[in-house]
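Next come the chains, spelled out residue by residue.
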Amino acid sequence: MGRSRLPLCSADARFARITSAEPRRTARLAYHQRMRMVISFLVFVASAALGLFLASLWVTGVSLSLHPVGFVIAVLVYAVAQAVLSPFFAKMANRYAPAFLGGVGLISTLVALFIATLVPSGGLQIHGVGAWSVATVVVWLVTALATVLLPLLFVKKKAADR
């Protein structure tokens, strides 16, 4: 005689409900994680655009093309380079020179700026040692502040809309 498909007790019924809802919960969680990652990347790209734009205004020797294609390319190249280089430099500093962990953001910003200037149609140009050092600090500081403050503005706006 085969086993009955009816739950034997209330604990079995609860387990059946939990396991049947688990794939939906997992899919929802995966969707929210992807959306959170996309939103954080967009916030970082916006903060990079703000940092590069302000550096081009404030620092003599830094020029950023205001042509839409050149600006977007410069921002995207900088943002992707920064997103890839920052964890790499942090891991290397942590492993080989823990004293340099505080400077990882500045170093990765400098290298990402250098990579962004290498792209021919990027539209970012930096001339002079002083411009390189000041632009690195300005872009790093504005990007760091904007990455923290931009999400707070969106959360405040969303809360005000409710």
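Chemist: Describe the confidence of the model for the protein, and please don't skip the residues or the numbers.
Modeler: When pLDDT is averaged across the protein, the result is 84; 83% of the residues are at 70 or more. No element of the protein has a lower mean pLDDT than helix 1 (residues 10-58), which averages 79, and none a higher one than helix 3 (residues 104-118), which averages 94.

Chemist: Outline the side chain of Gln-82, listing residues and values.
Modeler: Structurally, the position occupied by Gln-82 is in helix 2 (residues 68-96). Once residues within four sequence positions are removed from consideration, Gln-82 is found in contact with Phe-44, Pro-87, Gly-105, Ser-108, Thr-109 and Ala-112.

Chemist: Lay out helix 3 in plain terms, naming residues and giving numbers.
Modeler: Relative to the 21 Å expected for 15 residues at 1.5 Å per residue, helix 3 spans 21 Å between its end C-alpha atoms, a close match to the ideal helical length. Regarding helix 3, the residues found buried are Val-104, Gly-105, Ser-108, Thr-109, Ala-112, Leu-113 and Ala-116. Viewed end-on, helix 3 has its buried residues packed into an arc of 160 degrees, placing them on one side of the element.

Chemist: I'd love a proper account of a nonpolar patch on the surface, names of residues and values included.
Modeler: Taken together, Val-137, Trp-140, Leu-141, Leu-145, Val-148, Leu-149 and Leu-152 make up a surface patch of nonpolar side chains, about 630 Å² in accessible area. By the element assignment, Val-148 lies in helix 4 (residues 129-161). The class of Val-148 is exposed, set by a relative accessible area of 52%.

Chemist: Outline the packing of aromatic side chains, listing residues and values.
Modeler: According to the stated counting rule, one finds two aromatic pairs in the structure shown. Seen from their ring centres, Phe-88 and Phe-89 are 5.6 Å apart, and the 55 degrees between their planes marks the pair as tilted. Aromatic pair Phe-114 and Trp-132: ring centres 6.3 Å apart, planes at 50 degrees, arrangement tilted. Of the two residues, Phe-114 is situated in helix 3 and Trp-132 in helix 4; the sequence distance between them amounts to 18 residues. Exposure remark for Phe-114: the relative accessible area of 45% places this residue in the partly exposed category.

Chemist: Provide a residue-level description of the nonpolar core, including the pertinent values.
Modeler: Grouped together as the largest cluster of nonpolar side chains are 27 residues, with contacts concentrated most on Leu-52, Val-62, Tyr-78, Leu-113, Leu-124 and Ile-126. Breaking this core down by element, the ones donating at least two residues are helix 1, strand 1 (62-64), helix 2, helix 3, strand 2 (124-126) and helix 4. Among the elements that line this core, the one with the most residues is helix 1, at seven residues. Residue contacts for Leu-113: discarding those within four places in its chain leaves Leu-52, Tyr-78, Leu-124, Ile-126, Trp-132, Ala-135, Thr-136 and Val-139.

Chemist: Which residues make up the environment of Ala-135, and what values do they have?
Modeler: Take Ala-135: it is sitting in helix 4. Judged by its relative accessible area of 1%, Ala-135 falls in the buried class. Through-space distance from the C-alpha of Ala-135 to that of Gly-51 is 9.0 Å; in sequence the pair is 84 residues apart. Those residues within four positions of Ala-135 in sequence are excluded, and the remaining contacts are Val-59, Val-62, Leu-113 and Ile-126.

What counts and how
Residues numbered from 1 in each chain as written. Predicted model: local features only at pLDDT ≥ 70, side-chain atom pairs only at ≥ 80, totals over all residues. Heavy atoms only, no water. pLDDT = per-residue confidence, 0-100. Helix = DSSP H or I, 4+ residues; strand = E, 2+ residues; numbered from the N terminus. Contact = heavy atoms within 4.5 Å. Expected span 1.5 Å × (residues − 1). Buried < 20%, exposed > 50% of the residue type's maximum accessible area, 1.4 Å probe, protein only. Arc of directions from axis to C-beta. Patch = residues over 30% accessible without salt bridge, like charges linked within 9 Å, V, L, I, M, F, W, Y side chains within 5 Å. Areas by Shrake-Rupley, 256 points an atom, 1.4 Å probe, with all protein chains shown as cover. Salt bridge = Lys/Arg side-chain N within 4 Å of Asp/Glu carboxyl O. Phe/Tyr/Trp six-rings, centres within 6.5 Å; stacked < 30°, edge-to-face > 60°. Core = buried A, V, L, I, M, F, W, Y, C linked by side-chain atoms within 4.5 Å.

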